[in-house]
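# Structure assessment
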Amino acid sequence: MRKNSTNGLMTLNFWRMCAANLLLFVSVYMLFPVLSFVMPERLGISFPQAGSMFLVFAAAMFAVGPFHAYLCDEYKRKNVLLYSTLAMLAATAGYAFADSYIKLLLLALVQGGCFGLATTAGITVAIDITTSARRSAGNMVYAWSARLGMLIGAGIGILLYDLYGFRTVVYLAIAVGVLSMYFTSRVYVAFRAPIGMKLCSLDRFLLPRAWVPALNMLLIAFVPGVLLPLLYVGDYTAFLTLGVLVLLTIPFTRMFVKLSHHCQRGTGNTTCYLAMETGLLAGLATACRLSDAYLLYHAAGVAAMLALFFFVLLTYPYYKRKKVR
């Protein structure tokens, strides 16, 4: 199989990138539901304090975004993906040794920023190795690999914690991340001369014209996010809602892609991913603050109804009016 086919989508390089993306999300989501209930016990902090780490994580993802285009232009975008993943895994290892609330927040800051760089750089690489005619389909398949990784990661994390404890989850999350780096390193990316991007730019990061479906996606992702900690007590409803989120990935990614112009499809995918991650993290932070199963279900139900009405009354009419392809 050629390194970079000019005809098809499912090239060896593209499959390697999808595998790397899936494993990257497995690595991160193995820890998310576990951290929400382990850290209060380990550090002697309140559940709302533990939940604040997810807000720090989300803020860090957005903070590094404006520098992404410059970094991928100035340096090899595959290297940006590899080195940011490596730094993210170093922060992941730190969770096993964190002994204070401040250190927990610092680890979340580093992990969130590096995860944001890694995922956006990964989208750039996946688009660059895909021919122009197949990039819309490529966006959807690549996005689906991430959502599947979330589902697998959350399940494995809870199972491993129940069987072997917290440190085993951390160490396996690192091992999965290293495997993701291996697949990335095996991807051939053709050289592209720098075009002189500004240090700070929203290019390849946020698609302003997709703000309505982005808010809708945030509301949808909030539902499984707020239910994830219930996995700890054996309530697997969160898996059902995560499964629904995986199923919604394809139609929503298609919506974001069709709202973007020809050179913005990767930006549309990134915007969809950021909205989804923000919703999940906001849900986790809310769950840590509420800490009651009845209240969590109530919050999830309200968010689900709002998301449905938002789609019918705002998102779909906006999409039909604004789509460009």
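In this text, all values refer to a predicted model and were calculated from it rather than measured experimentally. (Residues numbered from 1 in each chain as written. Predicted model: local features only at pLDDT ≥ 70, side-chain atom pairs only at ≥ 80, totals over all residues. Heavy atoms only, no water.)

## Observations concerning the overall build of the protein
- The number of helices and strands found in the protein is 11 helices and zero strands.
- Seen in sequence order, the protein has helices and strands lined up from the N terminus as α-α-α-α-α-α-α-α-α-α-α.
- For 325 residues, the compact-globule estimate of 2.2 N^0.38 gives 20 Å, and the C-alpha radius of gyration of the protein, at 19 Å, lies within 12% of that figure.
- Overall, the C-alpha framework of the protein stretches about 55 × 45 × 35 Å when taken along its three principal axes.
- Out of the 325 residues belonging to the protein, those deemed buried represent 56%. (Helix = DSSP H or I, 4+ residues; strand = E, 2+ residues; numbered from the N terminus. Rg over C-alpha atoms; globule rule 2.2 N^0.38 Å. Buried < 20%, exposed > 50% of the residue type's maximum accessible area, 1.4 Å probe, protein only.)

## Side note on the packing of helix α1 (residues 12-29) against helix α6 (residues 135-164)
- Packing of α1 against α6 leaves a shortest axis separation of 7 Å and a crossing angle of 30°. Here α1 and α6 pass one another in a crossing that is right-handed. Contact residues: α1 offers F14, M17, C18, N21, L22, F25, V26 and Y29, while α6 offers G138, V141, Y142, S145, A146, R147, L148, G149, M150, I152, G153 and A154. (Axes fitted to C-alpha atoms, helices over the stretch in contact; angles between N-to-C directions. Left-handed = near helix turned anticlockwise from the far one by under 90°. Contact = heavy atoms within 4.5 Å.)

## A look at the packing of aromatic side chains
- The full count for this structure, using the stated rule, is 15 aromatic pairs.
- Residues F57 and F115 carry aromatic rings whose centres are separated by 5.8 Å and whose planes lie at 50° to one another, so their mutual orientation is tilted. Within this pair, whereas F57 is found in helix α3 (residues 47-74), its partner F115 is found in helix α5 (residues 101-128), the two being separated by 58 residues in sequence.
- Here F252 and F311 contribute two aromatic rings whose centre-to-centre distance is 6.1 Å and whose plane-to-plane angle is 50°, an arrangement assigned as tilted. Taken together, the residues F252 in helix α9 (residues 237-259) and F311 in helix α11 (residues 293-322) connect sequence positions 59 residues apart.
- Residue classification places F252 among the buried positions, given a relative accessible area of 5%.
- Counting every residue linked through ring pairs, the aromatic cluster contains F25, Y29, F32, F54, F57, F115 and Y273. (Phe/Tyr/Trp six-rings, centres within 6.5 Å; stacked < 30°, edge-to-face > 60°.)

## As for the nonpolar core
- Counting 102 residues, the largest nonpolar core has F54, Y95, F115, F166 and L245 as its most contacted members.
- Here the element with the most residues in this core is α5; it accounts for 12 residues.
- Residues in contact with F115, not counting those within four places in the same chain, are L24, F25, V28, F57, M61, M88, Y273 and E277. (Core = buried A, V, L, I, M, F, W, Y, C linked by side-chain atoms within 4.5 Å.)

## Focus: the pattern of salt bridges
- In total, this model carries three salt bridges according to the counting rule given.
- A salt bridge links D128 to R77, with the shortest nitrogen-to-oxygen separation between them at 2.6 Å. Taken as a pair, D128 in helix α5 and R77 in helix α4 (residues 77-94) lie far apart in primary sequence, 51 residues in all.
- Judged by relative accessible area, D128 falls into the partly exposed class, the value being 23%.
- Taking the relative accessible area as the measure of exposure, R77 reaches 9% and is therefore buried.
- With a closest N to O distance of 3.9 Å, R147 and E277 form a salt bridge. On the criterion of sequence distance, the pair formed by R147 in helix α6 and E277 in helix α10 (residues 265-290) is long-range, its members being 130 residues apart. The pair formed by R147 and E277 is uniform in burial state, with each residue classed as buried. (Salt bridge = Lys/Arg side-chain N within 4 Å of Asp/Glu carboxyl O.)

## A look at α4
- When the terminal C-alpha atoms of α4 are compared, their 26 Å separation across 18 residues agrees well with the 26 Å that a helix rising 1.5 Å per residue should span.
- Three or more residues of α4 are buried, namely R77, K78, V80, L81, L82, S84, T85, M88, L89, A91, T92 and G94.
- Elements that come into contact with the buried residues of α4 comprise α1, α3, α5 and α7 (166-185). (Expected span 1.5 Å × (residues − 1).)

## Things to note about the confidence of the model for the protein
- Summarising the model, the protein shows a mean pLDDT of 88, and 94% of its residues fall at 70 or more.
- Residue range residues 1-6 is modelled with pLDDT below 50. Its contacts to residues more than four positions away, or to other chains, number 11 contacts. (pLDDT = per-residue confidence, 0-100.)

## Regarding the environment of A87
- Mapped onto the elements, A87 comes out in helix α4.
- For A87, a relative accessible area of 30% translates into the label partly exposed.
- In the structure, A87 is positioned 174 residues away from H261 in sequence and 33 Å away in space, judged by C-alpha atoms.
- In this view, A87 contacts V110 and C114; residues no more than four positions away in its chain are not counted.

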